[in-house]
Structures are given as structure tokens and as C-alpha cells.
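Each chain, written out:
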Amino acid sequence: MPELPEIEVTRRDMEREVSGKKFKAVEAADKKLIAPHKTKAEFAKRIEGHKVKSFERRGTYIVGKLDSGELWVIDLGTSGRMQRVKGGKPAADASTRCTITFTTGGAIRLNDPKGTSRTWVITKDEFEELPEIAEAGIDPLETPVPWQTFGQVLLANPKSKLKALLQNPKIVTGLGPVYSDEVLFNAGLLYDRTSDTLSAHEVRRLYRGMVETLTDAIKYRGVSYDENDVDIYGEPGEYSQYVQVYLRTGEPCRRCRAPIERVKFQKRYHYYCANCQS
Ligand SMILES: [Zn+2]
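Description of the structure in this document. (Residues numbered from 1 in each chain as written. Predicted model: local features only at pLDDT ≥ 70, side-chain atom pairs only at ≥ 80, totals over all residues. Heavy atoms only, no water.)

### Comments concerning the coordination of the zinc ion
Around the zinc ion, the protein supplies Cys253 (SG), Cys256 (SG), Cys273 (SG) and Cys276 (SG) as donor atoms, at distances of 2.2 to 2.4 Å. One way to put it: the four donor atoms around the zinc ion meet at angles of 101 to 114°, and that makes the site tetrahedral. Mapped onto the polypeptide sequence, the residues donating to the zinc ion form the spacing pattern C-x2-C-x16-C-x2-C. Of this pair, cysteine 253 sits in the loop between helix H8 (200–219) and strand S9 (261–265) while cysteine 273 sits in the segment after strand S10 (268–272), placing them 20 residues apart in sequence. Classification of cysteine 273 as buried rests on a relative accessible area of 0%. (Donors = N, O, S within 2.8 Å, 3.2 Å for Na, K, Ca; no water. Tetrahedral: all angles 85-135°; square planar, octahedral: opposite > 155°, others 65-115°. Helix = DSSP H or I, 4+ residues; strand = E, 2+ residues; numbered from the N terminus. Buried < 20%, exposed > 50% of the residue type's maximum accessible area, 1.4 Å probe, protein only.)

What follows is the structure, encoded as C-alpha cells:
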């Protein structure tokens, strides 16, 4: 599932490969993908003949600023990935949900084996009113805040466990199972600590750990755990080789050599080092 680093890598690649290219034609596989539009024709009308001036990331959405003044929004969901296709008339595969061709040849595709992604065009005002945007949590990379502000946000939920807080999109944007575990390891904190038990020093460590982990993950272009986990060029991210705890049960901690442990938390496994985290 793409989390903040993989989404940010996609945004940067889209900026490089798609910005400035005029869109020729849209083929959307199903109406669910473009659900906010009533018809595929309506979506196509607002994309075709236009180009994106630049791509931003807002929360977990990739947002292309169209030359029409509207926004092209891409929500990769839990299984969507963009794919750059060069030249000719590219053949779609079974997971292709949408293909947008360029007037200069080539295309950008949205591939999604599970169909959890969405894409649509919206006005700027409508976009800001979307609940997931209006109520979005802290984005430590795009809109960094002082660590004290982060502490106040955590303390609004004093009895919630850290692992749950980090995965709550109203508190922090784009952290899922992989990076919430990695951030907690980086900060040396146990998943089941509640925010009201954190010292000022620990809050600062947690915030700094979050920024460090995400920045590092982007440098290595995110993680890849299956064949669908690829960037727009079809290449896997390399950060999975550097993760400290995620999926490393029984393997030695890279810091202290103690075996990494796992525990069920909210129906999923959480990975941690009982020696390095407290
Ligand atoms: Zn350790």
C-alpha cells in the first residue's frame, strides 16, 4: 500500500514526466474509478486538451494543477500505481484502470489490481472542502510544524496508543503499517505508549524520528513488497532493504542484535525491538 514516501516519489516523477504535456484522450475502465463524475465523458471533457502545470501532494492525494484552473486529483487508494508509457499506442494490462495519452505520444496510466483508487477533476474550492483535506493532519514534510504543536495534537487524544495515533490521518498524513513501525523504532518508543505518558523529550524524538524516517524512505524511493509496488518507470523502491523492523520478525535488530518481535495490534502485525523501544 502506498504510504507518504511512495506517494511523494510518484508526485515527483509525475512532475518530471507529465507536467507540460498536453492530454489527448482519456480511457477510463470503469465508472467507480471516476466516481465523483456522473459520466466518463464528463471526466474526459475536463482533462482532454489540457495540461498540468505542476503536481502537488496534499495529504495522500496527488494533485495536478490544470491549465484550465481546475485540479486533477489522484487518490492511489491502497493498491493504485501510476505508470509512464512511452511512444505508440500502449496496450493496457488487466490492472489498468485509466490511460491518458499525450498529444506528443506516450501516456500515463493508473494501474490498480484491487480497484481502490480514484481520479477526478474538481475546482479548487471544492477540493479544499473535501473532509479528508479540510480535516487533514500534520504533514511533516510539506507543512512542518514545531514539535510542540505536534505534542499538543497528540495530547488531544491522551489515552490513544502511539501506533494508532500515527496511523490516524487526522493526526498525521500518510503513515500506514510500514512507516508507523519504522518511525516508532527510530524514536525508540513502544507502540502501546499513550500520548499522556510522553515526556517533552520523547515528543521531540518522535517528531524528529518521523521526519528522518520519511526523508530517508523517499531518498530510497519507498518500499516494495510485491510486483505491484513499483514507481512510474516500473522500478521497485529500495527502502525495503533498509527497514529496521517491518516484516523482520526473528531477525536481529540492526542496532542491538536482539530479535525483532511482532504483536497483533488492531488486526495487523506490528513489529518492534523490545530492547531499543520503551
Ligand atoms: Zn534493538
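Still more to cover.
### Considering the environment of glutamate 27
In this fold, glutamate 27 is placed in strand S1 (residues 23–28). Look at glutamate 27 and you get partly exposed, because its relative accessible area is 48%. Separated by 95 residues in sequence, glutamate 27 and isoleucine 122 have C-alpha atoms that sit 18 Å apart.

### Observations concerning the pattern of salt bridges
Taken as a whole and assessed by the stated rule, the structure comprises 23 salt bridges. Among the salt bridges present, the one from arginine 118 reaches aspartate 75, with a minimum N-O distance of 3.2 Å. With arginine 118 in strand S8 (residues 118–122) and aspartate 75 in strand S4 (residues 71–75), this residue pair connects regions lying 43 residues apart in the sequence. Given the relative accessible area of 25%, arginine 118 is considered partly exposed. Residue classification places aspartate 75 among the buried residues on the basis of a relative accessible area of 12%. As a salt-bridge pair, arginine 118 and glutamate 132 come within 3.8 Å of each other at their nearest N and O atoms. Taken together, the residues span a long stretch of sequence, with arginine 118 in strand S8 and glutamate 132 in helix H4 (residues 131–134) at a distance of 14 residues. With a relative accessible area of 37%, glutamate 132 lands in the partly exposed category. Sharing partners across several salt bridges, the network here consists of Glu8, Arg11, Arg12, Arg57, Asp139 and Glu142. (Salt bridge = Lys/Arg side-chain N within 4 Å of Asp/Glu carboxyl O.)

### Focus on the environment of lysine 45
Here lysine 45 lies in helix H2 (residues 40–47). With 19 residues separating them along the chain, lysine 45 and valine 26 place their C-alpha atoms 8.9 Å apart.

### A few points about empty space enclosed by the protein
Tallied over the full model, the rule gives three cavities of 30 Å³ or more. Space inside the largest cavity adds up to approximately 60 Å³. Sorting elements by how many residues they give to the lining of the largest cavity places helix H1 (residues 4–17) first, with three residues. For the lining of the largest cavity, the per-class residue count stands at three nonpolar, three polar and six charged. Shared between two domains, the lining of the largest cavity takes at least three residues from each, and those domains are domain 1 (4–134) and domain 2 (147–272). Its boundaries defined by the atoms lining it, the second largest cavity holds a volume of some 40 Å³. Every residue lining the second largest cavity is listed: Trp72, Ile74, Met82, Cys98, Ile100, Ile108, Arg109, Leu110 and Thr119. Those elements that provide at least two residues to the lining of the second largest cavity are S4, strand S6 (96–102) and strand S7 (107–111). With three residues, the top contributor of residues to the lining of the second largest cavity is S7. (1 Å grid on protein atoms, 1.4 Å probe; cavity = no way out; pocket = protein on both sides within 12 Å on 5 of 7 lines; lining within 4 Å. Points joined across faces, edges and corners; volume = space filled by probe spheres on them. Nonpolar A, V, L, I, M, F, W, Y, C, P; charged D, E, K, R; others polar. Domains from an automatic or database assignment.)

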